[in-house]
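# Notes for the structure review
What follows is each chain in one-letter form.
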Amino acid sequence: MKSQKITMGSNGRLDVPDYPIIPFIEGDGIGPDVWSASKAVLDAAVEKCYGGKRKIEWIEMLAGEKAFNKTGEWLPKETLATATEYIVSIKGPLTTPVGGGIRSLNVALRQTLDLYVCLRPVHWFHGVPSPVKHPEDVDMVIFRENTEDIYAGIEFNYDDPKAKKLFEFLKEIGGADKVRFPETSSFGIKPVSKEGSQRLIRAAIKYAIEHRRPSVTLVHKGNIMKFTEGGFKNWGYELAQAEFGDSVYTWEQWEQTKKQEGEEAANAAMKKAQLSGKIIVKDVIADNFLQQILLAPKDYSVVATLNLNGDYISDALAAAVGGIGIAPGANINYLTGHAVFEATHGTAPRFANTDTMNPSSLLLSGVMMLEYMGWNEAANCILDALKTTIMRKRVTIDFYNLMHDATLLKTSEFAQEIIKNMGTGVILEKGE
């Protein structure tokens, strides 16, 4: 059968053919190693589960150093056009150009395609070395706003005439007195919109409902940034009650009941909502949340937050379950269907072409991609095989250095071990 493009249906859902064309960017540094391993596993799982009735046709897009060496551009227009046309794509880690016009290739892709959700599921695989006592308590899905906040890139260096002009403007409208050292102050502007915040929070609540998650937590720093981060929180509660009133119970409702009927009545209303299957929508100050994910991670399930907070939180949570080497990620626009699945770690150029690094971040991003396409059988096949491989302690150097009696595998060997373990079942006994 002829390969076809993935399209967005009129019903707002992806239309995925049996032989979809999916673009890929292999990435810089260790990118080619981890992509080669991940592709082998993805192809093997699709073949095993569907017996040739489904198959991915991969086409390469250029970005990063490989693109610059071939075209003189870090992010060619053709690549953006291809990612737009084919809707779903996957990429390895990309370097940040030094002295180039693009601050970050990853940010450029997200903003150009308006991929407003950075989706980061975080949970622990049994046997993965972790610095925390109970990594099994961590099971969260992070919805990080992807297009606004300081990542909008509105910055002016202190010696730029524009910075001086901005300071003069602050003097006109008020606020210049807050700038302690105006002659050497650089400025950054943090745009946070109601529309951008609510589309992110809407996606998080829909995810919680569809996946039967108990809560959505709005993480913010609204006690200090009252109109940006505080706006995010307020707009989130407004959206939850206006659009999901029958499916959610918010802390604002709890506060109102407490004020009118007392704390006992408010607690009873909360309990009733939980027992009826309603999603609890709550909020936490960002610095407190970074404490709570260590002290009480079981209290949090789906998390919605702004761009910078999400950056910190995602990496902190990844560390708790074994590091960003095993943390997947996706950048999604749920309205257009466009999605770029990606490794969440850096390029590690010192280890390029050594065939030593863990491909799990990119591979698990590929699993997320299969789930997004509705190919859950292949996704689960890979997850089970990966769990088995880790439990048998046949791992790459990062885990090998932290495990007792492990077997060291190269990147390519680790991929083949996963393929070998497809369909064998998962070992759950301790010590195996």
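The structure displayed is predicted, hence computed values, not measured ones.

Thresholds, definitions, all that
Residues numbered from 1 in each chain as written. Predicted model: local features only at pLDDT ≥ 70, side-chain atom pairs only at ≥ 80, totals over all residues. Heavy atoms only, no water. Helix = DSSP H or I, 4+ residues; strand = E, 2+ residues; numbered from the N terminus. Rg over C-alpha atoms; globule rule 2.2 N^0.38 Å. Buried < 20%, exposed > 50% of the residue type's maximum accessible area, 1.4 Å probe, protein only. Contact = heavy atoms within 4.5 Å. Areas by Shrake-Rupley, 256 points an atom, 1.4 Å probe, with all protein chains shown as cover. Lys, Arg positive; Asp, Glu negative; His and termini not counted. Charge placed at Lys NZ, Arg CZ, Asp CG, Glu CD. Phe/Tyr/Trp six-rings, centres within 6.5 Å; stacked < 30°, edge-to-face > 60°. Lys NZ or Arg CZ within 6 Å of the ring centre and 35° of its normal. 1 Å grid on protein atoms, 1.4 Å probe; cavity = no way out; pocket = protein on both sides within 12 Å on 5 of 7 lines; lining within 4 Å. Points joined across faces, edges and corners; volume = space filled by probe spheres on them. Nonpolar A, V, L, I, M, F, W, Y, C, P; charged D, E, K, R; others polar. Pairing = 2+ DSSP bridges. Salt bridge = Lys/Arg side-chain N within 4 Å of Asp/Glu carboxyl O. Axes fitted to C-alpha atoms, helices over the stretch in contact; angles between N-to-C directions. Parallel < 35°, antiparallel > 145°, perpendicular 65-115°, else oblique. Left-handed = near helix turned anticlockwise from the far one by under 90°. Core = buried A, V, L, I, M, F, W, Y, C linked by side-chain atoms within 4.5 Å.

## As for the overall build of the protein chain
Within the protein chain one finds 15 helices and 17 strands. For 432 residues, the compact-globule estimate of 2.2 N^0.38 gives 22 Å, and the C-alpha radius of gyration of the protein chain, at 23 Å, lies within 12% of that figure. Across the 432 residues of the protein chain, 51% fall into the buried class. At a minimum sequence separation of 6, the contacts of the protein chain that also span at least 24 residues come to 73%. For the protein chain, the computed accessible surface area is about 20,700 Å², with 51% contributed by carbon and sulfur atoms. Treating the 48 positive side-chain charges of the protein chain as one cloud and the 54 negative ones as another, the clouds have centres 2 Å apart.

## Quick word on the side chain of Ser197
In this structure, Ser197 sits in helix α6 (residues 194-210). Given a relative accessible area of 0%, Ser197 falls into the buried group.

## Regarding the environment of Leu113
Checked against the element boundaries, Leu113 lands in the loop between α4 (105-112) and β6 (117-123). Exposure remark for Leu113: the relative accessible area of 8% places this residue in the buried category. Spatially, the C-alpha atoms of Leu113 and Ala269 are 42 Å apart, while their sequence positions differ by 156 residues. Residues in contact with Leu113, not counting those within four places in the same chain, are Leu80, Ala83, Thr84, Asn333 and Val340.

## Let's talk about unusual backbone geometry
One non-glycine residue, Ile87, adopts positive backbone phi at about 70°. Inspection of the secondary structure puts Ile87 in the loop between α3 (77-86) and β5 (88-91). Of the residues examined, Ile87 reaches a relative accessible area of 8% and is grouped as buried.

## Some details on the packing of aromatic side chains
Throughout the structure, instances matching the rule amount to seven aromatic pairs. Between Trp35 and Trp58, the ring centres sit 5.1 Å apart and the planes meet at 85°, which makes this aromatic pair edge-to-face. In this pair, Trp35 sits in helix α1 (residues 31-50) while Trp58 sits in strand β4 (residues 57-60), placing the two residues 23 residues apart along the sequence. Each member of the pair, Trp35 together with Trp58, is buried. Between Phe289 and Tyr300, the ring centres sit 5.0 Å apart and the planes meet at 80°, which makes this aromatic pair edge-to-face. Placement of Phe289 in helix α10 (residues 286-295) and of Tyr300 in the loop between α10 and β13 (302-305) is noted, with a sequence separation of eleven residues between them. Like Tyr300, Phe289 is buried. Among the aromatic side chains, those forming a connected cluster through ring pairs are Phe24, Trp35 and Trp58. Of note, Lys5 hangs over the ring of Tyr86, and the distance from its end group to the ring centre comes to 5.5 Å. Positioned above the aromatic ring of Tyr151, the side-chain terminus of Arg144 is 5.1 Å from the ring centre.

## Thoughts on empty space enclosed by the protein
Using the criterion set out here, one finds one cavity of 30 Å³ or more in the structure. Approximately 40 Å³ is the volume attributed to the largest cavity. A class-by-class count of the residues in the lining of the largest cavity yields four nonpolar, one polar and four charged.

## A look at the pairing of strand β14 (residues 328-332)
On any regular strand, side chains alternate: one points to one face of the sheet, the next to the other face. β14 sits mainly inside the fold: five of its five residues count as buried. Going residue by residue along β14, you find Pro328, Ala330 and Ile332 tucked away on one face and Gly329 and Asn331 tucked away on the opposite face as well. Pairing analysis gives three bridges linking β6 to β14, with the strands arranged antiparallel. Each bridged residue has a counterpart across the sheet, and for Leu119 the counterpart in β14 is Ala330. In terms of strand pairing, β14 meets strand β15 (residues 339-343) through five bridges, oriented antiparallel. Within β15, the position partnered with Ala330 by the bridge is Phe341.

## Focus: the pattern of salt bridges
The tally for this structure, following the rule as stated, stands at 22 salt bridges. Linking Lys5 and Glu85 is a salt bridge whose minimum nitrogen-to-oxygen distance equals 2.2 Å. Of this pair, Lys5 sits in the segment before β1 (7-8) while Glu85 sits in helix α3, and the two are 80 residues apart along the sequence. One salt bridge connects Lys91 with Glu342, and the closest N-O pair in it is separated by 3.1 Å. Taken together, the residues Lys91 in strand β5 and Glu342 in strand β15 connect sequence positions 251 residues apart. Taking the relative accessible area as the measure of exposure, Lys91 reaches 2% and is therefore buried.

## Description of the packing of α1 against helix α13 (residues 376-391)
Following both chains from N to C, one finds α1 and α13 inclined at 120°, their axes separated by 9 Å at the closest point. Considering their axes alone, α1 and α13 lie oblique with respect to each other. Crossing hand, α1 versus α13: right-handed. Mapping the contact onto sequence places Val41, Leu42, Ala45, Val46, Lys48, Cys49 and Tyr50 in α1 and Asn376, Glu377, Ala378, Cys381 and Ile382 in α13. Class assignment of the residues belonging to the contact of α1 with α13 gives a composition of nine nonpolar, one polar and two charged.

## Focus on the nonpolar core
Trp58, Phe143, Ile205, Met369, Leu370 and Ile382 are the most contacted members of the largest nonpolar core, which totals 81 residues. No other element matches the nine residues that α1 contributes to this core. By size, the runner-up hydrophobic cluster in this structure holds 15 residues, among which are Met140, Ile142, Val219 and Ala320.

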